[in-house]
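One-letter residues, chain by chain:
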Amino acid sequence: QVQLVESGGGLVQPGGSLTLSCAVSGNSFSRYVMGWHRQTPGKQRELVAVISSGGSTNYADSAKGRFTISRDNAKNMVYLQMNSLKPEDTAVYYCNAKNVVVPRMEYWGQGTQVTVSS
């Protein structure tokens, strides 16, 4: 069983920065592709960024150039550095883990609220 706990959300002004963290408990962290998704009321959850165990990354167009996903395999941690934040980045951000061998083994954190407002 894998458990994910996000932290680091909060209120930030437009143009500001915020770093989200995701602590992952359980075994075989390196077997999971890790991702950050976000959701606003009335909309589907959308992918923000993903990172493989080897460090390969992929970003949504809205995140390219502003957000950076990283992971520390020794500490079982995943991060999302968010810069130049915009009001439209306001959402609940969720950490996600998907097993590369058994994709149905997928886990979500409880989410952390990010609000970008002046």
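All values derive from a computational prediction rather than experimental measurement.

Rules used throughout
- Starting from 1, residues in each chain are numbered consecutively following that chain's sequence as written.
- Only residues with pLDDT of at least 70 get local features here, since the model is predicted, and only at 80 or more are side-chain atom pairs given and counted; chain-wide, interface and lining totals rely on the full set of residues.
- By convention in this description, side-chain values take in all heavy atoms of the structure and omit both hydrogens and water.
- Pairs of strands are assigned from DSSP output, requiring at least two bridges between the strands.
- We count a stretch as a helix when DSSP gives it H or I for four or more residues in a row; a strand needs E for two or more, and each element gets its number in order from the N terminus.
- Lines fitted to C-alpha atoms define the axes here, with helix axes fitted over just the stretch in contact, and angles between the N-to-C directions of these axes take values from 0 to 180 degrees.
- Burial classes: relative accessible area under 20% of the type maximum marks a residue as buried, over 50% as exposed, and values in between as partly exposed (1.4 Å probe, protein chains only).
- Each aromatic pair joins two rings of Phe, Tyr and Trp (for Trp, the six-membered one) with centres within 6.5 Å, and gets the label stacked for planes under 30 degrees apart, edge-to-face for over 60, and tilted for any other angle.
- Each ring is checked for a lysine NZ or an arginine CZ that lies within 6 Å of its centre and within 35 degrees of its normal; such an atom marks a charge sitting over the ring.

Asks: Tell me about the sheet that holds strand 8 (residues 77-82), and name the residues and values.
Replies: Hydrogen bonds along the backbone pair up the strands of a sheet, which may run parallel or antiparallel. Strand order in the open sheet made by the four strands is 1-3-8-7, with antiparallel pairing throughout. Edge positions in the sheet fall to strand 1 (3-7) and strand 7 (67-72), since each has one partner strand and no second. On average, each strand axis in the sheet is tilted by 15 degrees relative to the strand beside it, whichever way the strands run. In the sheet, strand 1 pairs with strand 3 (residues 18-25) via five bridges, with the strands oriented antiparallel. Bridging across to strand 3, E6 finds its partner in C22.

Asks: Just give me the short version of the pairing of strand 11 (residues 112-116), but keep the residues and values in it.
Replies: Of the two faces of strand 11, only one is covered, namely that formed by T112, V114 and V116; the face formed by Q113 and T115 stays uncovered. One ladder, built from three bridges, connects strand 2 (residues 10-12) with strand 11; its direction is parallel. Along strand 11, the bridge assignment pairs V12 with V116. Of the strand pairs in this sheet, strand 9 (residues 91-99) and strand 11 are connected by three bridges, and their pairing is antiparallel. Directly across from V92, in strand 11, lies its bridge partner Q113.

Asks: Talk me through the packing of aromatic side chains; I want residue IDs and the actual numbers.
Replies: Working definition: an aromatic ring pair is given by the centre-to-centre distance plus the angle between the planes. Per the stated rule, a full pass over the model turns up two aromatic pairs. Arranged with centres 6.5 Å apart and planes meeting at 85 degrees, the rings of Y94 and W108 form a pair that is edge-to-face. Remark: W108 occurs in strand 10 (residues 106-108) and Y94 occurs in strand 9; sequence separation between them is 14 residues. According to the relative accessible area criterion, Y94 is buried, its value standing at 13%. The residue whose ring lies beneath R71 is F29, and the NZ or CZ to ring-centre distance is 4.4 Å.

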